[in-house]
Amino acid sequence: MSVLLAQQLVCEKSDRQLFSDINIELSSGQLLYVTGENGAGKTSLLRILVGLSAPATGKVHINGFDIHKDMPSASQGLLYFGHKQGISQLLSALENLQFWCQQHDVKATEEAINGVLAELGLTGLEDIAVKNLSAGQQRRVALAKLWLQQDASLWVLDEPFTALDVHLIAELEAKITLFLKSGGTVVMTSHQKLSIDYPISNLHLDYSW
Amino acid sequence: MVALKSVFLKDLALAYRQRAELMQPLMFFVLVITLFPLAIGPSPETLQRIGGGVIWVAAILSLLLGMERMFRDDFADGSLEQYMLSPTPLYMIVVVKVFTHWLMHIVPLFLISPLLALFLHLTFDMYVALMLTLLLGTPLISFVGAIGVALTVGLHRGGVLLALLLIPIFIPLLIFATSAIESASMLLPYHPQLAIIAALLLFSVALSPMAIAYSLKVSQN
């Protein structure tokens, strides 16, 4: 069974057709790299794939469930990392991740979360309100979710390398490769060249007006 | 259940860290009610006659003032997207969020209301009626108001639009609540008014979570 199946997707915004007739079928262990210039519809496509936006026409199934009709079932095992990071500025990194784990049924102890934060270079910053961290550090806190959700089957990552330093980009690429090798499926966009030692399927979206 | 508890605890933690913002509606409520006796004079009869209505109007306006915050931060920082993608249905999450918001805004209002009732020379019977109508009516405001908040969460400066959308909806509630307090002032039974407000509350608790969840999805789209 396909992990992600999208059929005949059409996206329209403000009377403009961003893309049409997009068909995607991804099985376990596949990586889809979506490219295109600004405004081509990469983020819109990703949001449609995870059910946050509705397509003009077309259907999306994740693990056999229609994401737009049965979101709680379809989003089991789905991890979406979008432009908005999904972390509260007033809470600390540790609190944010604890609340996120509880909301997504991820079993992770405080020690495990602190361990992931240490791995991402945030030792000593666990209890500081996120608003007091730099943009890159805030991004790391949000990315910690990739390390914590062990049972995910699909990652949808919208420009995950933004605001990260070279060292962490390499670490994230290694993490993505490891996830793919363990049978995970990834859909991602990025304006950077991807240095992953793994077969990559490419979907290019053309900007049209 | 763990997920819903964490939404509740997260909202409590966030409210605590934004205490100043939480105080604004309460201060507005207190200021309106303390200014009224100064403006219309200290006559107990006049104050008693308008007291219930003044407290209710101030309560509605102060609740509206704080209502905009209900989903604003979650929408801005992407927490709302994560709620939508969690295994817990969104309508259950919004019930917890609306309840927490009501708790944060109404409990202080309840605590301060005996003092304000004294300012307006309310009798004990009127005070009891006021408390009962507030207890049943304010969650109704929160649940129905949350639909409007969810619809306008993506708009910048949606506060005025929100007030224009919601105030007409609250007029029946205002009429029944003030009527109950007036009946209490004449030592008449006011159970029918309370029953109608309770029915409206149950109706809104049953249906509004779906409407709020749908509105949030529309706003995200």
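Computed from a predicted structure; not experimentally measured. Every chain is numbered on its own, with residues counted from 1 as its sequence reads. Throughout, the order in which chains and ligands are written sets their labels, letters from A for the former and numbers from 1 for the latter. Given that this is a predicted model, residues contribute local features only at a pLDDT of at least 70 and side-chain atom pairs are listed and counted only at 80 or more, while totals for whole chains, interfaces and linings are drawn from all residues. Side-chain metrics rest on all non-hydrogen atoms present in the structure, leaving aside hydrogens and water.

Chemist: I tried to follow the sheet that holds strand E6 (residues 78–81) of chain A on my own but got confused; where do I start?
Modeler: Within a sheet, adjacent strands bond to each other through the backbone by hydrogen bonds, running parallel or antiparallel. Residues and elements named next belong to chain A. Here the rule is simple: two strands pair whenever DSSP picks up at least two bridges between them. Helix and strand definitions here come from DSSP, where helices need a minimum of 4 consecutive H or I residues and strands a minimum of 2 consecutive E residues; each element is numbered from the N-terminal end. One open sheet holds the five strands; their spatial order is E6-E7-E8-E3-E9, and the pairing between them is parallel. Looking at strand neighbours, the two that pair on one side only are E6 and strand E9 (201–204), the edges of this open sheet. Along the sheet, successive strands turn relative to each other by an average axial angle of 15°, direction set aside. Residues count as neighbours in contact if any of their non-hydrogen atoms are within 4.5 Å of one another. To obtain an axis, a line is fitted to C-alpha atoms, over the contacting stretch when the element is a helix, and the angle between two such axes runs from 0 to 180 degrees between their N-to-C directions. Contacting E6 and strand E7 (154–158), helix H5 (residues 135–148) crosses the sheet at an angle of about 165° to E6.

Chemist: Quick question: what am I supposed to make of the confidence of the model for chain B here?
Modeler: As a note on interpretation, predicted positions should not be read in detail where pLDDT is low. Mean pLDDT over chain B stands at 89; residues scoring 70 or higher make up 100%. Reported confidence for the predicted complex is 0.88 by ipTM and 0.88 by pTM. Across the chain, each position has a pLDDT score giving the predictor's confidence in that residue, from 0 to 100.

Chemist: For this particular structure, what's the right way to read the interface of chain B and chain A?
Modeler: Buried accessible area, meaning the area lost when the parts come together, often serves as the stated size of an interface. On the side of chain A, 26 residues touch chain B, which itself brings 26 residues to the contact. The term buried area denotes the loss of accessible surface (1.4 Å probe radius) that occurs when two parts are joined, taken as the sum for both partners. When chain B packs against chain A, the two sides together hide about 2500 Å² of surface, and 55% of this comes from carbon and sulfur. Broken down residue by residue, the surface that chain B buries against chain A is led by Gln82(B), Leu85(B) and Pro87(B), which jointly contribute 28%. In the sections that follow, a salt bridge refers to a side-chain nitrogen of Lys or Arg positioned within 4 Å of a carboxyl oxygen of Asp or Glu. Here chain B and chain A share two salt bridges between them. Polar contact is defined as a pair of N or O atoms within 3.5 Å, subject to the rule that within protein one atom must be able to donate a hydrogen and the other to accept it, and that residues adjacent in sequence are counted only when both atoms are side-chain atoms. Taken together, chain B and chain A are joined by 12 residue pairs in polar contact (both at pLDDT 80 or more).

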